[in-house]
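Secondary and tertiary structure notes
As a plain string of letters, each chain reads:
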Amino acid sequence: MNIDLSGKVAVVTGAGRGIGREIALTLAQEGVITVITDIQEDLLAAVGSEFALNGYPGSQYLCDVRSAAQIQQVIDQIVEKYGRIDILVNNAGIAGGAPIDVLAEEVWDLNFDINLKGTFLMCKAVAPVMKRQKSGRIINAASFAAIVPSYGSAAYASSKAGVEQFTRVLAGELGPWNIAVNCYAPGMIPTDMNHFADLQEPQQQRLLDTLTFRHWGKKDDVAHLICFLASDFAGYITGTMIDISGGKLATQIPRIAYEKAASEGAYEF
Ligand SMILES: NC(=O)c1ccc[n+]([C@@H]2O[C@H](COP(=O)([O-])OP(=O)(O)OC[C@H]3O[C@@H](n4cnc5c(N)ncnc54)[C@H](O)[C@@H]3O)[C@@H](O)[C@H]2O)c1
């Protein structure tokens, strides 16, 4: 079974770095005409250069997902150029936060404007294109924080919980047009957003202790999930959130298994 995505047209938001960049490059490797968008021009240009170097098909557009006008302009240009949009990955996001007593209103708004409203605006602009085609895949970045939030994440976790519910609503609305809408909940993947891999060793170990697969997630773990969700193999999946967190909910104290494995010489802390 080979995933065949070649010739499809994808749009990836926040593709300038981190998971979004990995998603874009992986889709392009699979032969997808991949449109990368980001709010940061330098990052976008760098990924654009990687596309050019590898001869990947696609284009790049500066686009702030908070701006309905910018989004519409970009989507119009994509449709004019390629005639269709098969895959939309709403990856752009930020993760600002603080405990409630010091959580600034601006930080709350920023999380909601980019993570939730940005996803809504992108979907609103792309849905008519997919409806015309009577096909499409919309894939939204939620977060494990939408399932179990962490300390100080009121703004981020609430916005991502909104992404999950929005995903379900949209799946229901767009089902008759054969458009699947799903989201995914990454756990802990070191990026410039969280700097997990730069934490002091004891802090890293404390976080790793929450994982059934006791290692950090990789950006390409998410990219591979996106390829699957965009493919024909996922043709009967819609309105759901895929947990891609290394099993943060699977067991109560994952460390017990690793201590046992260590005692048998099968694991080293
Ligand atoms: N890294 C993780 O462990 C993790 C866990 C859960 C969820 N996520 C989600 O995955 C997505 C990517 O995360 P990441 O770790 O790669 O983050 P990142 O900060 O490395 O990358 C985010 C990208 O989004 C872009 N962006 C920010 N605001 C934007 C805007 N207004 N318009 C357009 N682009 C904008 C940034 O320029 C950047 O390129 C986010 O939605 C994040 O919430 C990540």
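Basis of the calculations
- By convention here, each chain's residues receive numbers from 1 onward along its written sequence.
- At least 70 in pLDDT is required for a residue's local features to be given in this predicted model, at least 80 for side-chain atom pairs to be given and counted, and no such filter applies to totals for whole chains, interfaces and linings, which use all residues.
- Note: side-chain values were computed over all heavy atoms of the structure, leaving out hydrogens and water.
- UniProt positions are given in the numbering used here, feature names are shortened, and annotations may be inferred rather than shown by experiment.
- Strands here are runs of E lasting at least two residues and helices are runs of H or I lasting at least four, both read from the DSSP assignment and numbered beginning at the N terminus.
- Two strands qualify as a pair provided DSSP detects at least 2 bridges between them.
- To get an axis, a line is fitted to the C-alpha atoms, and for a helix only the part in contact is used. The angle between two axes follows their N-to-C directions and goes from 0 to 180 degrees.

The name that an unreviewed UniProt entry assigns to the chain is Short-chain dehydrogenase, with the source organism given as Paenibacillus ferrarius. The chain has a UniProt comment under Sequence similarities (unreviewed entry) that states "Belongs to the short-chain dehydrogenases/reductases (SDR) family."

Moving on, we come to unusual backbone geometry. The backbone of K134 shows a phi angle near 55 degrees, a positive value even though the residue is not glycine. Summarising the element assignment, K134 is placed in the loop between α4 (105-133) and β5 (136-141). With a phi angle near 50 degrees, H195 is a residue other than glycine that sits in the positive phi range. With respect to the helices and strands, H195 occurs in the loop between β6 (179-186) and α6 (201-208).

Our focus in this paragraph is the sheet that holds strand β3 (residues 58-62). Read from one edge of the open sheet, seven strands run β3-β2-β1-β4-β5-β6-β7, paired in parallel fashion. Lying at the two open borders of the sheet, with one neighbouring strand each, are β3 and β7 (241-244). Going from strand to strand, the sheet's axes swing by 15 degrees on average, the running direction of each strand aside. Strand direction decides the pairing type here: β5 and β6, joined by six bridges, are parallel.

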